[in-house]
Amino acid sequence: MILLVTCPQGREGDAILELEWALEKVKAHGTDWRGVLLAETPLSKEEALQRLKDFETQAIQRVVPLEVLVRASFGEIADAVLKLAENIWGNFAVRAKVRGNKKLSQRELEVKLGSLIVEHYNMPVNLSNPDYTVVVEVLGKKAGVGVLKRGEILRFEVEE
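Residue numbers restart at each chain and count upward from 1, following the sequence in its written direction. With pLDDT at 70 or above as the cut-off, local features in this predicted model cover only qualifying residues; side-chain atom pairs require 80 or more to be listed or tallied, and sums for whole chains, interfaces and linings still use all residues. Side-chain figures throughout are based on the complete set of non-hydrogen atoms in the structure, without hydrogens or water.

## What about the packing of aromatic side chains?
Alright, step 1. Centres within 6.5 Å are what make two rings of Phe, Tyr or Trp a pair, Trp counting through its six-membered ring; a difference in plane orientation under 30 degrees is then read as stacked, over 60 as edge-to-face, and the rest as tilted. All told, the structure shown has zero aromatic pairs when counted by the stated rule.
Alright, step 2. One cation-aromatic arrangement involves K112 over F74; the distance from NZ or CZ to the ring centre is 5.5 Å. In this scheme, the term charge over a ring applies when either NZ of a lysine or CZ of an arginine sits within 6 Å of the ring centre and within 35 degrees of the ring normal.

Shown next, in the form of structure tokens:
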């Protein structure tokens, strides 16, 4: 399981320590973007999220579970999204965040990937309160993709 974790800029070290305390088995490292970490854990998505929910964090702001990392090209992202979208039962929305990549547009990814899922699986789109969120997190030359049920993106209040 791959987790994209955000924290206040300059607090990356604290966030990595908190991930290690909460999850125990985890390899976390910074990225080229301040306040953005990637963590890999052998724990299941459910167990990792539950441990983080139960943990009192001082530095972790957001946790986004990702299932796969692929090259940041539209084709590879689309293939990963279509493969993961097989597991959706209900309505969905696509949410993308693009960092450090001029070739991909956040808006375009959301619209085109959403259309692909509708074409292939004939699923209803619900942008305001989806049962599932297809998440695409682009970090330069890599992109993380995940399909998340409602409530699987964790947000914490952090005192800056």
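Having seen the structure, we can now continue with the description.
## Considering unusual backbone geometry
Alright, step 1. Even without being glycine, E24 reaches a positive phi, approximately 65 degrees.
Alright, step 2. Strands here are runs of E lasting at least two residues and helices are runs of H or I lasting at least four, both read from the DSSP assignment and numbered beginning at the N terminus. Structurally, E24 can be placed in the loop between α1 (12-23) and β2 (27-30).
Alright, step 3. Positive phi, close to 55 degrees, is recorded for N122, a residue that is not glycine.
Alright, step 4. With respect to the helices and strands, the residue N122 is situated in the loop between α4 (106-121) and β7 (132-139).
Alright, step 5. Only protein chains enter the accessibility calculation, which uses a 1.4 Å probe; a residue whose area is less than 20% of its type maximum is buried, one above 50% is exposed, and one in between is partly exposed. Take N122: its relative accessible area is 66%, and that puts it in the exposed class.

## Thoughts on helix α2 (residues 45-54)
Alright, step 1. Every buried residue of α2 is accounted for by K45, A48, L49 and L52. In an axial view of α2, the angular spread of the buried residues amounts to 95 degrees, which keeps them on one side of the axis.
Alright, step 2. Tucked into the core, α2 has its buried residues touching β1 (2-6), α1, β4 (62-66), β8 (142-149) and β9 (154-155). Read the arc as the range of directions from the helix axis to the C-beta atoms. Residue contacts follow a heavy-atom distance rule, with two residues in contact if any of their heavy atoms lie within 4.5 Å.

## Brief notes about the sheet that holds strand β3 (residues 36-40)
Alright, step 1. Taken in spatial order, the five strands line up as β2-β3-β1-β4-β9 in an open sheet, and their pairing is antiparallel. Here the strands that pair on one side only, and so sit at the sheet edges, are β2 and β9.
Alright, step 2. Pairing analysis gives five bridges linking β1 to β3, with the strands arranged antiparallel. Looking across to β3, one finds that T6 is bridged to V36.
Alright, step 3. Each axis is a line fitted through C-alpha atoms, and for a helix only the stretch in contact is used; angles between axes span 0 to 180 degrees, taken between their N-to-C directions. Set on the sheet, α2 makes contact with β1, β4 and β9; between it and β4 the angle comes to about 175 degrees. Strand pairing requires that DSSP identify at least two bridges connecting the strands.

## A word on the UniProt feature "domain: THUMP" (unreviewed entry) in the protein chain
Alright, step 1. As annotated in UniProt, the feature "domain: THUMP" (unreviewed entry) corresponds to residues 46-149 in the numbering used here.
Alright, step 2. Here residues 46-149 runs as 36% helix and 32% strand, with 11 Å between its end C-alpha atoms. UniProt positions are given in the numbering used here, feature names are shortened, and annotations may be inferred rather than shown by experiment.

## Brief notes about the pattern of salt bridges
Alright, step 1. A pairing counts as a salt bridge when a side-chain nitrogen of Lys or Arg comes within 4 Å of a carboxyl oxygen of Asp or Glu. What the rule picks out here adds up to nine salt bridges.
Alright, step 2. The residue D14 makes a salt bridge to R11 at a minimum N-O spacing of 2.8 Å.
Alright, step 3. Accessibility expressed as a relative area gives 36% for D14, which makes it partly exposed.
Alright, step 4. Across the pair R150 and D131 runs a salt bridge, and its minimum N-O distance is 3.0 Å. Remark: D131 occurs in the loop between α4 and β7 and R150 occurs in the loop between β8 and β9; sequence separation between them is 19 residues.
Alright, step 5. Of the residues examined, D131 reaches a relative accessible area of 25% and is grouped as partly exposed.

## A word on the packing of α1 against α2
Alright, step 1. Relative orientation of the contacting elements α1 and α2 amounts to 115 degrees, with a least axis distance of 9 Å. Accordingly, the angle class assigned to the pair α1 and α2 is roughly perpendicular. Crossing of α1 against α2: the hand is right-handed. For the pair formed by α1 and α2, the contact residues are L19, A22 and L23 on the first element and A48, R51 and L52 on the second.
Alright, step 2. Put simply, Ala, Val, Leu, Ile, Met, Phe, Trp, Tyr, Cys and Pro go in the nonpolar bin, Asp, Glu, Lys and Arg in the charged bin, and everything else, Gly too, in the polar bin. Partitioned by chemical class, the residues of the contact of α1 with α2 number five nonpolar, no polar and one charged. Throughout this description, any angle smaller than 35 degrees is read as roughly parallel, any larger than 145 degrees as roughly antiparallel, any in the 65 to 115 degree range as roughly perpendicular, and the remainder as oblique. Each helix crossing is assigned a hand: it is left-handed if the near helix lies turned anticlockwise from the far helix by less than a right angle, otherwise right-handed if that turn is clockwise.

## Comments concerning the environment of K142
Alright, step 1. Along the chain, K142 falls in strand β8.
Alright, step 2. A C-alpha to C-alpha distance of 9.8 Å links K142 and G100, two positions 42 residues apart in sequence.
Alright, step 3. K142 has contacts with L69, V70, A72 and E137, leaving out every residue within four places of it along the chain.

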